[in-house]
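Analysis of the macromolecular model
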Amino acid sequence: MRAEDCVLWGFAALFILIPLASFLVYGFFFVVDNSVVYRPTLANFAEILSNDSYRTTFFKTLRMALEVSAINLVLGYATAYFIWLRPPAWRNFLVIALAVPLLMSYIIKIYAMRGVLGTNGLLNSVLLALGIVDEPVSALLFNLTAVRITLSVVLLPFMVLPIYISLERIPNSVLNAAADLGAGELQTFARVILPLSLPGGIVGAMFTFVLASGDFLAPELVGGIEGFTYGRLIFSQFGLAFNWPLGAALSILLMIVALAVIYMARRLGNPRWQR
Amino acid sequence: MANHETGGLAPNQDLPLLRIRGLGVRFGTFNAINPLDLDVRDGEFLTILGPSGSGKTTLLRAIAGFQTPSEGGIEFDGRDIAEMPINRRPFNTVFQDYALFPHMTVRENVSFGLRVRGTGRKRLNDRVDSALGIVGLEELGARYPSQLSGGQQQRTALARAMICEPRMILLDEPLAALDAALRRQMQNFLKSVQRQSGITFLFVTHDQSEATTMSDRICVMRSGSIEQIGTPRDLYYRPKSKFVASFFGASNIIEPCEIIDVRNDVTSVRTPVGTFAVAGPAPEGGSGLALAVRPEAFGIGNGKPANQIELTVVSVSFIGSETITELKHRNTSLEFKMKARSDPAAIPPAPGSVLTVGFDPAECALVSGDTG
Ligand SMILES: Nc1ncnc2c1ncn2[C@@H]1O[C@H](COP(=O)(O)OP(=O)(O)O)[C@@H](O)[C@H]1O
Ligand SMILES: [Mg+2]
C-alpha cells in the first residue's frame with residue numbers, strides 16, 4: 001500500500017470507523033436497571049425480530065422510503081431533464097438554485113414544510129384558491145403522507161443532481177448521431193437518453209432510500225402518531241427509553257439494509273458498458 | 001490512379017447528387033460560411049480541405065442538418081432538403097469523435113439505424129453481418145465501444161453510417177484522432193470501401209496529403225469561402241491562389257509579377273528576381289499576381305531549364321532521402337527553399353556560396369495574390 005493510501009485509511013479509521021464501531025458494539029450488550037452490562041449477547045436482536053411492533057415499524061418505514069424513492073425518481077428525472085433542456089446559462093443557475101437548499105439547516109427546511117402543509121399553510125391556500133377544497137384540509141399534516149411529502153421535497157436535490165450529471169455527460173454528438181441515423185425525438189429519448197441517464201437515477205434512488213429510511217426528524221415533526229418510523233424508534237431508545245444497546249442493535253439492522261441497497265445501487269448504477 | 005486523372009467523373013455528371021446554392025452560416029455578426037455554391041457528384045469522393053477554423057465542420061453540419069443555415073438552399077437528388085429534419089435526411093454522418101452509443105455493443109450500434117426503422121429481425125441480422133464483414137469487425141460484435149481501439153471504433157462508426165445504405169456519407173475529420181500508421185491504413189481502407197460501395201463520400205480534413213491521396217476532387221476552403229475546387233492534380237499543378245499553392249507545398253512565392261508577354265501558351269513574367277517563362281495562359285483578372293514554385297522543381301546547374309536565378313546558400317539540411325537547401329536572393333532578400341533527392345556523391349554547397357538554380361516553365365504556376 002502506498003503512503004497516501006495508509007494516511008487516507010488512517011483518517012477514515014480514526015474519524016469514521018472507530019467511532020462508529022465503538023457505538024455499534026453496544027448492540028451486543030444489554031441493560032439492567034438503567035445501566036449497561038458490558039457482556040456480549042444477541043438478546044437485543046432476538047427481541048427485535050420477535051417483537052411484532054418493531055417488525056411492523058421496520059417494514060412500514062422501508063416501504064415508505066421505497067415510495068419516496070419512486071416518487072422522487074419520477075419527479076427528479078422530470079426536473080433534471082427540464083433543467084438539461086434549458087440554454088447553458090440557465091442550466092447553471094437552476095442547478096445552483098437546486099443545490100442551495102442542501103446548505104440550509106435540515107430542521108429549518110422541515111419546519112418550513114410544516115408551514116406549507118398546515119391548515120393555514122401554502123398548500124391549503126392553493127387548494128382553496130383553486131376551489132379544489134371548500135375548507136382547509138387538516139389531513140395534510142401529522143400522518144405518514146406528510147412524511148412522504150416532506151421527505152420527497154427535502155431529498156429531491158439528491159435525486160436531481162446525479163441524474164442531471166449523467167444527462168450532462170451525454171455528448172452532443174451522440175444525440176446528433178441518433179437523429180442522423182433516423183431516430184425521432186421519442187426514440188432518441190427511449191433508446192439513448194434514458195438508458196444513458198438511468199445510472200444517475202439509480203444513484204439518486206439509493207441516496208433517497210437510505211436517507212429516508214433512517215430519517216427521524218421529518219417523521220418526528222410532521223408525522224404525528226401514524227408517522228412513527230424506524231428512525232423515531234431508534235431515537236426513542238436513546239432518549240426516552242434510555243436503552244442504548246437496543247438502539248444500537250436497531251441501528252445495526254438498518255445499516256445492514258442501507259449497505260445492501262448501496263451495494264445493489266453500485267452494481268446497477270455502474271453497468272457493464274461503463275466499466 | 002486513373003480515377004484521379006479523370007476527376008472520378010460519375011455517369012450522371014450533369015445532375016449533381018448534392019447541390020448547394022448560396023449557402024451561408026452566420027454566428028451573430030461572424031460569417032462562418034460566406035454564401036457559397038458546391039456540387040457533389042454521384043459516386044465521387046469529394047474532400048473539403050482547409051485549415052482549422054475555415055468553416056469545414058460548419059458546412060458539413062449545415063448539410064447534415066445540425067446547423068440551421070442563415071441563407072441558401074440545399075438540394076439532394078433534386079429535392080430541396082434545407083428544411084428537412086435531421087432524422088429524415090437521406091444520408092448519414094461519421095463523426096470526428098465517432099459518437100458511438102456507449103451503452104450499446106458494436107452490433108447494437110451498427111443496427112441502430114435499422115432498429116429505429118423497425119426492420120425485421122432476419123433482414124436486420126443479415127444486413128448487420130454484412131456491414132460488420134465490410135469493416136472487418138465480425139468477431140467484435142459483442143464488445144462495447146469502451147473495449148475497442150480507436151481504429152475499431154472508427155470502423156464501427158463507418159458500419160453504422162452505412163447500414164441504411166445511404167447514397168452519401170459525410171465524414172468530419174474521421175482520422176484525426178488516429179496515430180500516423182493507423183491513419184494511413186484507414187485512408188486506404190476508407191478509399192476502398194468508398195470505391196467498392198459506390199457511396200458518395202463528402203470528407204473533411206485539414207491534412208493536404210490525406211486529401212490528395214484519397215479524393216476524386218478537393219474543395220479548398222479558407223475563411224468560410226471556397227478558394228478552389230478541382231482534382232488533386234489540378235490543385236497541385238494549377239493552384240489559382242497563393243493560398244492554395246502554399247497549402248499544396250509550392251512554398252516559393254515570387255511577387256510581385258508582371259506579365260510582359262503571352263505567346264504559344266507560354267506566359268513571360270517579370271519579377272524582382274528576374275524574368276521567367278510560365279507554361280499555360282495567363283490567369284484572368286490578374287491583379288497582384290505571384291509566381292509559385294515547388295521546392296522540388298528547383299534544380300542546380302545550367303542544363304535545360306529555361307528559368308534561372310542566382311541564389312546564395314543559407315543552409316543545407318540532410319533529411320535522409322531528400323536534402324533541403326535554404327537559399328536567399330542577394331538583392332531582394334527573398335527566401336527560397338529547394339528540395340532535391342539526396343545524392344551520395346555530391347558535396348553539399350557551403351553556406352554563402354552562390355548557386356545557379358533552374359526550374360521548368362511547366363513546374364511553376366501564376367497565382368493570384370492575397371485577396372483578403
Ligand atoms: N456555434 C458557434 N458559435 C460561434 N462561432 C462558431 C460556432 N461554431 C463554429 N464557429 C466559428 O466558425 C468558424 C468555423 O468553425 P469550424 O466550421 O468548426 O471550422 P473547421 O471545422 O474548419 O475547423 C470558427 O471561427 C469557429 O470559431
Ligand atoms: Mg472541424
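Preceding this paragraph is the structure being described.
Scoring rules and cut-offs
- Residues numbered from 1 in each chain as written.
- Chains lettered and ligands numbered in written order.
- Predicted model: local features only at pLDDT ≥ 70, side-chain atom pairs only at ≥ 80, totals over all residues.
- Heavy atoms only, no water.
- Helix = DSSP H or I, 4+ residues; strand = E, 2+ residues; numbered from the N terminus.
- Buried < 20%, exposed > 50% of the residue type's maximum accessible area, 1.4 Å probe, protein only.
- Contact = heavy atoms within 4.5 Å.
- Areas by Shrake-Rupley, 256 points an atom, 1.4 Å probe, with all protein chains shown as cover.
- Lys, Arg positive; Asp, Glu negative; His and termini not counted.
- Charge placed at Lys NZ, Arg CZ, Asp CG, Glu CD.
- Pairing = 2+ DSSP bridges.
- Axes fitted to C-alpha atoms, helices over the stretch in contact; angles between N-to-C directions.
- Expected span 1.5 Å × (residues − 1).
- Arc of directions from axis to C-beta.
- Core = buried A, V, L, I, M, F, W, Y, C linked by side-chain atoms within 4.5 Å.
- Parallel < 35°, antiparallel > 145°, perpendicular 65-115°, else oblique.
- Left-handed = near helix turned anticlockwise from the far one by under 90°.
- Nonpolar A, V, L, I, M, F, W, Y, C, P; charged D, E, K, R; others polar.
- Polar contact = N/O pair within 3.5 Å; in protein donor to acceptor, adjacent residues only side chain to side chain.
- Buried area = accessible area lost by both parts, 1.4 Å probe.
- Salt bridge = Lys/Arg side-chain N within 4 Å of Asp/Glu carboxyl O.

1. Quick look at the overall build of chain B
Along its length, chain B carries 9 helices and 20 strands. A principal-axis box enclosing the C-alpha atoms of chain B has dimensions of 75 × 45 × 40 Å. Going through the 372 residues of chain B one by one, you find that 49% of them count as buried. The long-range fraction of contacts in chain B, counting pairs at least 24 apart against all pairs at least 6 apart in sequence, stands at 65%. Split by element, the accessible area of chain B, about 17000 Å² in all, is 48% carbon and sulfur. Within chain B, one finds 39 positive and 40 negative side-chain charges whose respective centroids are separated by 4 Å.

2. Let's talk about the sheet that holds strand 14 (residues 289-293) of chain B
Residue and element names in this part refer to chain B. Judged by pairing direction, the sheet is antiparallel, and its 5 strands sit side by side in the order 13-12-11-14-20 without closing on themselves. The open sheet has two free edges, formed respectively by strand 13 (274-279) and strand 20 (364-368), since each of these has just one partner strand. For this sheet the average axis-to-axis angle between neighbouring strands, irrespective of direction, equals 45 degrees. Here strand 12 (residues 266-271) runs beside strand 13; their pairing, made up of 6 bridges, is antiparallel.

3. Some words on the sheet that holds strand 7 (residues 168-172) of chain B
All names here are of chain B. Read across the open sheet, the 6 strands follow the order 6-7-8-3-9-10; overall the sheet is mixed. Each edge of the open sheet carries a strand with a single partner, namely strand 6 (92-94) and strand 10 (225-230). Neighbour-to-neighbour, the strand axes of the sheet open up by a mean angle of 20 degrees, direction not taken into account. Both strand 3 (residues 45-49) and strand 8 (residues 200-205) contribute to a ladder of 5 bridges, which runs parallel. For Leu 49, the partnering residue across the bridge sits in strand 8 and is Thr 205.

4. A closer look at helix 4 (residues 121-134) of chain B
Residue pairs spaced three or four apart in an α-helix point in one direction, given the helix's 3.6 residues per turn. Residues and elements named next belong to chain B. Compared with an ideal rise of 1.5 Å per residue, which puts 14 residues at 20 Å, helix 4 spans 20 Å between its outermost C-alpha atoms and is within 8% of the ideal. Within helix 4, burial applies to Leu 124, Arg 127, Val 128, Ala 131 and Leu 132. Viewed along the axis of helix 4, the buried residues span an arc of 130 degrees, placing them on a single side of the element. Exposed positions of helix 4 whose direction lies more than 90 degrees from the buried face are Lys 122 and Arg 123. Elements that come into contact with the buried residues of helix 4 comprise helix 3 (106-115) and helix 5 (150-162).

5. What about the nonpolar core?
If you look at soluble globular proteins, the nonpolar side chains tend to sit buried side by side. With 61 residues, the main nonpolar core has Val192(A), Leu18(B), Leu59(B), Ile63(B), Phe101(B), Phe112(B) and Leu202(B) as its most contacted residues. Ranked by residue count, the leading element in this core is helix 7 (residues 144-168) of chain A, at 6 residues. If near-sequence neighbours (up to four positions away) are discounted, Leu59(B) is found in contact with Leu23(B), Ile33(B), Leu36(B), Leu38(B), Ile48(B) and Met221(B). One finds Val68(A), Val154(A), Met206(A) and Val261(A) within the second-largest nonpolar core, a separate group that totals 41 residues.

6. A look at the packing of helix 3 (residues 52-85) of chain A against helix 9 (residues 185-214) of chain A
Residue and element names in this part refer to chain A. Orientation of helix 3 relative to helix 9, taken along the N-to-C sense of each, is 140 degrees, at an axis distance of 8 Å. For the element pair helix 3 / helix 9, the angle class is oblique. The handedness of the crossing between helix 3 and helix 9 comes out as right-handed. Residues Thr 61, Leu 62, Met 64, Ala 65, Leu 66, Val 68, Ser 69, Asn 72, Leu 73, Tyr 77, Tyr 81 and Trp 84 of helix 3 touch helix 9, and the partners they reach there are Phe 189, Ile 193, Leu 194, Ser 197, Gly 201, Ala 205, Thr 208, Phe 209, Ala 212 and Ser 213. Here the residues of the contact of helix 3 with helix 9 are counted per class, giving 15 nonpolar, 7 polar and no charged.

7. Side note on the side chain of Asn243(A)
Residue and element names in this part refer to chain A. Relative to the helices and strands, Asn 243 resides in the loop between helix 11 (230-238) and helix 12 (244-268). Engagement of the side chain of Asn 243 in a polar contact is seen with the backbone nitrogen of Leu 246, the distance being 3.2 Å. Other than its neighbours up to four places away in sequence, Asn 243 contacts Val 31 and Gln 237.

8. Here we look at the interface of chain A and chain B
With 19 residues of chain A at the interface, the matching set in chain B holds 24 residues. Across the interface of chain A and chain B, roughly 2000 Å² is buried in total on both sides, 60% from carbon and sulfur atoms. It is Asp180(A), Leu181(A) and Trp273(A) in chain A that bury the most area against chain B; as a group they hold 36% of the surface buried on that side. Across the chain A-chain B interface, the total number found is 0 salt bridges. Our count for the contact surface shared by chain A and chain B stands at 7 residue pairs in polar contact (both at pLDDT 80 or more). Taken together, the elements giving at least two residues each to the side of chain A that touches chain B come down to helix 8 (172-180) and helix 9 of chain A. Take the side of chain A that touches chain B: its biggest share by element is 7 residues, from helix 8 of chain A. Across the side of chain A that touches chain B, the residue classes break down as 10 nonpolar, 5 polar and 4 charged.

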